[in-house]
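Spelled out from the first residue to the last, the chains are:
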Amino acid sequence: MLEIVLNGIITALLVQIAYDAKLGRPLALVAYMRRAFGAIIPIFFVSILVGILVGLGALALILPGLWLFAVFSAAIPAVVIEEEGATGAMDRSSALTKEYRWPIVGIVLVMYILVIGFALAGGAVIAMIVDAIGLGGLGYSISAVLLACIVALTSGFIAISSALIYARLREMKEGVGVDELASVFE
């Protein structure tokens, strides 16, 4: 459960970073953290509610879980950008993703295949290096740090994908560009 909430906060931070990077603006990590942690309560509730719904959906033959993930894929960006509460963000995400859920499911599947492939390949390379060097306990510590870096990269990729899905949906449905979305961070 803590992982779900931390992923929500990471997504909130990376949403802001992605917009500023897209616009070529300098990064303002302190401002991003202030805004993300200022929205921690709705992020917490959105993360928990969506996690439970997607988990229950996944138990029902996986496809319903992917569908629900698509429905709520824009919820965290809605919290951060539109300052929605938990249920408002879920409603907003549901409205934004309507008519685009199957393409989002496709994007999510491709994204997770890439993430899993990257994690498996990275883990295999790390294991081979640690076995070749044979540093004992130190080698396992180094591998744990490297694996944590892989998890951070893959989590970041997923969070940025969420931000981009949200931005693209807003652009297609409402004609709102990234520069207008990012202006809320000023």
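Residues numbered from 1 in each chain as written. Predicted model: local features only at pLDDT ≥ 70, side-chain atom pairs only at ≥ 80, totals over all residues. Heavy atoms only, no water.

Explain the overall build of the protein to me, please; I cannot follow it from the model alone.
Along the backbone of the protein there are nine helices and zero strands. Listing the helices and strands of the protein from first to last along the sequence gives α-α-α-α-α-α-α-α-α. Radius of gyration (C-alpha) of the protein: 18 Å, near the 16 Å computed for a compact globule of 186 residues. In terms of principal-axis extent, the alpha carbons of the protein reach across some 55 × 45 × 25 Å. (Helix = DSSP H or I, 4+ residues; strand = E, 2+ residues; numbered from the N terminus. Rg over C-alpha atoms; globule rule 2.2 N^0.38 Å.)

I tried to follow the environment of A78 on my own but got confused; where do I start?
Along the chain, A78 falls in helix α5 (residues 75-82). The class of A78 is buried, set by a relative accessible area of 0%. Remark: the alpha-carbon pair of A78 and Y32, spanning 46 residues in sequence, is separated by 15 Å. Apart from residues lying up to four places away in sequence, A78 is in contact with E83, E84, A89, R92 and Y166. (Buried < 20%, exposed > 50% of the residue type's maximum accessible area, 1.4 Å probe, protein only. Contact = heavy atoms within 4.5 Å.)

Just to check I follow, could you spell out the packing of aromatic side chains for this structure?
Using the criterion set out here, one finds three aromatic pairs in the structure. Ring centres of F44 and F45 lie 5.2 Å apart, and the angle between their planes is 80 degrees; on these two criteria the pair is classed as edge-to-face. Seen from their ring centres, F69 and Y112 are 6.3 Å apart, and the 75 degrees between their planes marks the pair as edge-to-face. Note that F69 is positioned in helix α4 (residues 63-71) and Y112 in helix α7 (residues 101-133), a separation of 43 residues in sequence. Residue F69 is classed as partly exposed on the basis of its relative accessible area of 24%. (Phe/Tyr/Trp six-rings, centres within 6.5 Å; stacked < 30°, edge-to-face > 60°.)

Sorry, what's going on with helix α8 (residues 137-174) here?
Along its 38 residues, α8 runs 55 Å from first to last C-alpha, staying within 8% of the 56 Å computed at 1.5 Å per residue. Phi turns positive, to about 70 degrees, at G175, one or two residues after α8. (Expected span 1.5 Å × (residues − 1).)

Would you mind going over α7 with me for this structure?
Helical periodicity: at 3.6 residues per turn, an α-helix aligns residues three or four positions apart in one direction. Over its 33 residues, α7 runs 47 Å from end to end, which matches the ideal 48 Å to within 8%, given 1.5 Å per residue. R101, I104, V105, V108, M111, V115, G122, G123, I126 and V130 are the residues of α7 that are buried. Residues of α7 that are buried make contact with α4, α6 (86-97) and α8. Looking one or two residues beyond α7, the residue adopting positive phi is G134, at roughly 60 degrees.

What is the right way to look at the nonpolar core in this model?
When a protein is soluble and globular, its nonpolar side chains tend to lie buried together. The biggest cluster of nonpolar side chains holds 41 residues, and the ones touching the most others in it are I43, V46 and Y166. Ranked by residues supplied to this core, first place goes to helix α1 (residues 2-23) with seven residues. (Core = buried A, V, L, I, M, F, W, Y, C linked by side-chain atoms within 4.5 Å.)

It is not clear to me how the confidence of the model for the protein should be interpreted in this structure. Could you clarify?
Any region with low pLDDT has predicted coordinates that should not be read closely. Mean pLDDT over the protein stands at 83; residues scoring 70 or higher make up 94%. Confidence, expressed as mean pLDDT per element, reaches its minimum in the protein at helix α9 (residues 178-182) with 63 and its maximum at α6 with 94. (pLDDT = per-residue confidence, 0-100.)

Which parts of the structure should I look at to understand the packing of helix α3 (residues 40-59) against α4?
Helix packing for two helices is described by the angle between their axes and how far apart those axes are. The interhelical angle for the contact between α3 and α4, taken along N-to-C directions, is 155 degrees, at an axis separation of 5 Å. When the axes of α3 and α4 are compared, the pair comes out roughly antiparallel. Counted together, L53, V54, G57 and A58 of α3 and P64, G65, L68 and F69 of α4 form the full contact between these two elements. Of the residues that constitute the contact of α3 with α4, the class distribution is six nonpolar, two polar and no charged. (Axes fitted to C-alpha atoms, helices over the stretch in contact; angles between N-to-C directions. Parallel < 35°, antiparallel > 145°, perpendicular 65-115°, else oblique. Nonpolar A, V, L, I, M, F, W, Y, C, P; charged D, E, K, R; others polar.)

Help me out: how do you make sense of the pattern of salt bridges in this one?
Per the counting criterion, the structure on display carries six salt bridges. Between E82 and R92 there is a salt bridge; the shortest N-O distance is 2.7 Å. In this pair, E82 is assigned in helix α5 and R92 in helix α6, connecting sequence segments ten residues apart. On the basis of relative accessible area, E82 is assigned to the partly exposed category, the value being 22%. Between R170 and E82 there is a salt bridge, with the nearest N and O atoms lying 3.0 Å from each other. Of this pair, R170 sits in helix α8 while E82 sits in helix α5, placing them 88 residues apart in sequence. Here the salt bridges do not stand alone but share partners, grouping E82, R92, R170 and E174 into one network. (Salt bridge = Lys/Arg side-chain N within 4 Å of Asp/Glu carboxyl O.)

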